[in-house]
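Listed here are the chains, written in short residue letters.
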Amino acid sequence: MTTPDPEIPVPEQTPLGRHSAPSRARHTVLVAAFEGWNDAGGAATAALQHLGEMWGARKVHELDPEEYHDFQVNRPMIGAGPDGEREITWPTTSLWVAELPLRTVVLVHGIEPSMRWRRYCTELLDFAEERGVRTVVTLGALLADVPHTRPIPMTATSDSDGLRAVLSDVEPNTYEGPTGIVGVLQHEASERGLQSVSLWAAVPHYVANPPSPKATLAILTRIEELLGEPVPLGDLPEDAEAWQHGVDELAGEDAEIAEYVKQLEEAKDTADLPEASGEAIAREFERWLKRRDSGREG
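Note that the structure is predicted; figures quoted are calculated from it, not measured.

(A) Region of interest: the sheet that holds strand E10 (residues 195-204). Read from one edge to the other, the open sheet built from eight strands follows the order E2-E5-E6-E1-E7-E10-E8-E9, with strand pairing classed as mixed. The open sheet has two edge strands, strand E2 (58-62) and strand E9 (171-172), and neither has a second partner. Of the pairings in the sheet, the one linking strand E8 (residues 154-158) to E10 comprises four bridges and is antiparallel in character. What sits directly across from Ala 156, in E10, is Leu 199. Each of strand E1 (27-35), strand E6 (103-111), strand E7 (133-144), E8 and E10 touches helix H5 (residues 213-227); the most contacted strand, E10, lies at about 155 degrees to it.

(B) Looking closely at helix H6 (residues 236-252). For H6, which comprises 17 residues, the first-to-last C-alpha distance of 24 Å matches the rise-based estimate of 24 Å (1.5 Å per residue) to within 8%. Leu 236, Ala 240, Trp 243, Val 247 and Ala 251 are the residues of H6 that are buried. Looking straight down H6, one finds its buried side chains confined to an arc of 70 degrees; they lie on one side. With respect to the buried face of H6, the exposed residues turned more than 90 degrees away are Glu 249 and Gly 252.

(C) View of the environment of Leu 233. On the secondary structure map, Leu 233 appears in the loop between H5 and H6. Leu 233 gets classed as buried once you look at its relative accessible area, which sits at 14%. For the pair Leu 233 and Met 54, spaced 179 residues apart in sequence, the C-alpha to C-alpha distance is 8.1 Å.

(D) Seen up close, the packing of helix H1 (residues 43-54) against H5. One can describe the packing of H1 onto H5 by two numbers: an axis separation of 8 Å at closest approach and a directional angle of 55 degrees. When the axis of H1 is compared with that of H5, the two are oblique. Where H1 crosses over H5, the handedness of that crossing is right-handed. Together, Ala 43, Ala 44, Ala 46, Ala 47, His 50 and Leu 51 of H1 and Ala 215, Thr 216, Ile 219, Leu 220 and Ile 223 of H5 make up the contact between the two elements. Tallied by class, the residues present in the contact of H1 with H5 amount to nine nonpolar, two polar and no charged.

(E) Quick peek at H5. In this model H5 runs 21 Å from its N-terminal to its C-terminal C-alpha over 15 residues, within 8% of the 21 Å that 1.5 Å per residue would give. Across the 15 residues that make up H5, a large majority, 15, are buried. Within two residues after H5, Gly 228 carries a phi angle of roughly 70 degrees, on the positive side.

(F) A look at the packing of aromatic side chains. Applying the stated criterion to the full structure yields four aromatic pairs. For the pair Tyr 68 and Tyr 120, a centre-to-centre distance of 5.1 Å together with 80 degrees between the ring planes defines the contact as edge-to-face. Of the two residues, Tyr 68 is situated in the loop between E2 and strand E3 (77-80) and Tyr 120 in helix H2 (residues 117-130); the sequence distance between them amounts to 52 residues. Note on Tyr 68: relative accessible area 2%, which makes it buried.

(G) Broad picture of unusual backbone geometry. Here Pro 210 and Pro 211 are connected by a cis peptide whose omega angle stands at 0 degrees. Position of Pro 211 relative to the elements: it lies in the loop between E10 and H5. The backbone phi angle of Arg 116 is positive, close to 55 degrees, even though this residue is not glycine. When you line up the elements, Arg 116 lands in the loop between E6 and H2.

(H) Molecular detail of the nonpolar core. Within the largest apolar cluster, 39 residues are counted, with the highest numbers of intra-cluster contacts made by Val 31, Trp 55, Leu 139, Val 197, Leu 199 and Ile 219. Mapped onto this core, the elements with two or more residues apiece are E1, H1, E6, E7, E10, H5 and H6. For this core, the leading source of residues is H5, giving eight residues. The residues contacting Ile 219, other than those within four sequence positions of it, are Ala 43, Ala 44, Ala 47, Leu 139, Gly 140, Met 154 and Ala 201. Phe 34, Tyr 68, Val 133 and Val 182 belong to the second largest nonpolar core, which has 23 residues in total.

(I) Structural view of the side chain of Ser 198. Take Ser 198: it is sitting in strand E10. Here the side chain of Ser 198 touches Thr 138 through a polar contact of 3.0 Å, side chain to side chain. A distance of 2.8 Å separates a polar atom in the side chain of Ser 198 from a polar atom in the side chain of Trp 200. Setting aside its immediate chain neighbours within four residues, Ser 198 contacts Thr 138, Thr 155, Ala 156, Thr 157, Val 182 and Gln 186.

(J) Main features of the packing of H2 against helix H4 (residues 181-191). One way to put it is that H2 packs onto H4 with a least axis distance of 10 Å and a crossing angle of 55 degrees. By the angle between their axes, H2 is oblique relative to H4. Relative to H4, the crossing made by H2 is right-handed. Across from Trp 117, Tyr 120, Cys 121, Leu 124 and Leu 125 in H2, the residues of H4 making contact are Ile 181, Val 184, Leu 185, Glu 188 and Ala 189. Within the contact of H2 with H4, the residues separate by chemical class into nine nonpolar, no polar and one charged.

Criteria and thresholds
- Every residue gets a number counted from 1 within its own chain, in the order that chain's sequence is written.
- Residue-level local features of this predicted model are given only where pLDDT is at least 70; pairs of side-chain atoms are given and counted only at 80 or more, and the full residue set underlies all totals for whole chains, interfaces and linings.
- Heavy atoms throughout the structure, all of them, feed into the side-chain values; hydrogens and water do not.
- Paired strands, in this sense, are two strands between which DSSP finds at least two bridges.
- Helix and strand labels come from DSSP, where a helix needs a run of H or I of at least four residues and a strand needs a run of E of at least two; each type is numbered from the N terminus.
- Residues are treated as being in contact if the distance between any of their heavy atoms lies within 4.5 Å.
- Where helices are involved, their axes are fitted lines through C-alpha atoms of the stretch in contact, as for all axes, and angles between N-to-C directions lie from 0 to 180°.
- Take the number of residues in a helix, subtract one, and multiply by 1.5 Å to get its expected span.
- For each residue, the accessible area found with a 1.4 Å probe, counting protein chains only, is set against the maximum for its type, and the residue is called buried under 20%, exposed over 50%, and partly exposed in between.
- What the arc describes is the spread of directions from the helix axis to the C-beta atoms.
- Small angles under 35 degrees read as roughly parallel and large ones over 145 as roughly antiparallel, with 65 to 115 read as roughly perpendicular and the rest as oblique.
- Take the far helix as the reference: if the near one is turned anticlockwise from it by less than a right angle, the crossing is left-handed, and if turned clockwise, right-handed.
- Following the grouping adopted for this structure description, the nonpolar residues are Ala, Val, Leu, Ile, Met, Phe, Trp, Tyr, Cys and Pro, the charged ones are Asp, Glu, Lys and Arg, and the polar ones are all others, Gly among them.
- Pairing of aromatic rings covers Phe, Tyr and Trp, the last counted by its six-membered ring, and requires centre-to-centre distances within 6.5 Å; plane angles under 30 degrees mean stacked, over 60 mean edge-to-face, and any other angle means tilted.
- Buried Ala, Val, Leu, Ile, Met, Phe, Trp, Tyr and Cys residues form a nonpolar core when they are joined through side-chain atoms within 4.5 Å.
- Think of a polar contact as two N or O atoms within 3.5 Å of one another; within protein, one of them needs to be a possible hydrogen donor and the other a possible acceptor, and neighboring residues in sequence only count if both atoms come from side chains.

So far we have only geometry, and geometry alone does not tell us how the molecule works.
Structural data, given as structure tokens:
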């Protein structure tokens, strides 16, 4: 299989996105996140839901849960609906579309399926190609030995030579071992000749329970860089700060945990000494300018 050329000839401003030639066709990107094994602290699906809300996405499709879920593993929920009538909500995968200034984004939110993963990916990717998608971005979060007091580490991997050629911080995917639906979807997208990139946030393992707003914020920041579309953050920065203060208090009550966090901080600081670069500062300033300009336009 030949590797396709990059979907978007990447201009100077953004990795996946700003078109200098007005005649270029509008490009569509799919962004997917799944509850379960790939979603430590609920960070990835929280990021996807935030995008849907902030970008005014509309629901366009839903997969039949009967095909893909064991309801003894992911049970349906029963309760009162908007009209007061009792109703059942089934675990399923929903697809939403957001029309943005530079591109169309298809958002996929689901629960990792219990069965028929290949058919599941086929249905998602068939829908994506019908919508003109040529780039698939998957989101994930994993538990790791990282301190909650430092920036959340983010990794980006891709099997697409074209994307790696224009995105300097995207690495080849070299992972070997058990994988989740995120890994399978990314592989199947590449097999179809679609570009794919996978973003992962590292969540401190000693605060694994959701929510994890600091990790969600890190994912959203990386998506903003990739797509070149401003992502309104709402209350997330304040939520992330409150989360960190809360974990500080818990760690302060346990000398053993406090010492462990200190060791993680020292290891992280030593590894990150070269990271205080002018390039990192420039990226942060560019993000600030985009948000400011977006606010003025609104």
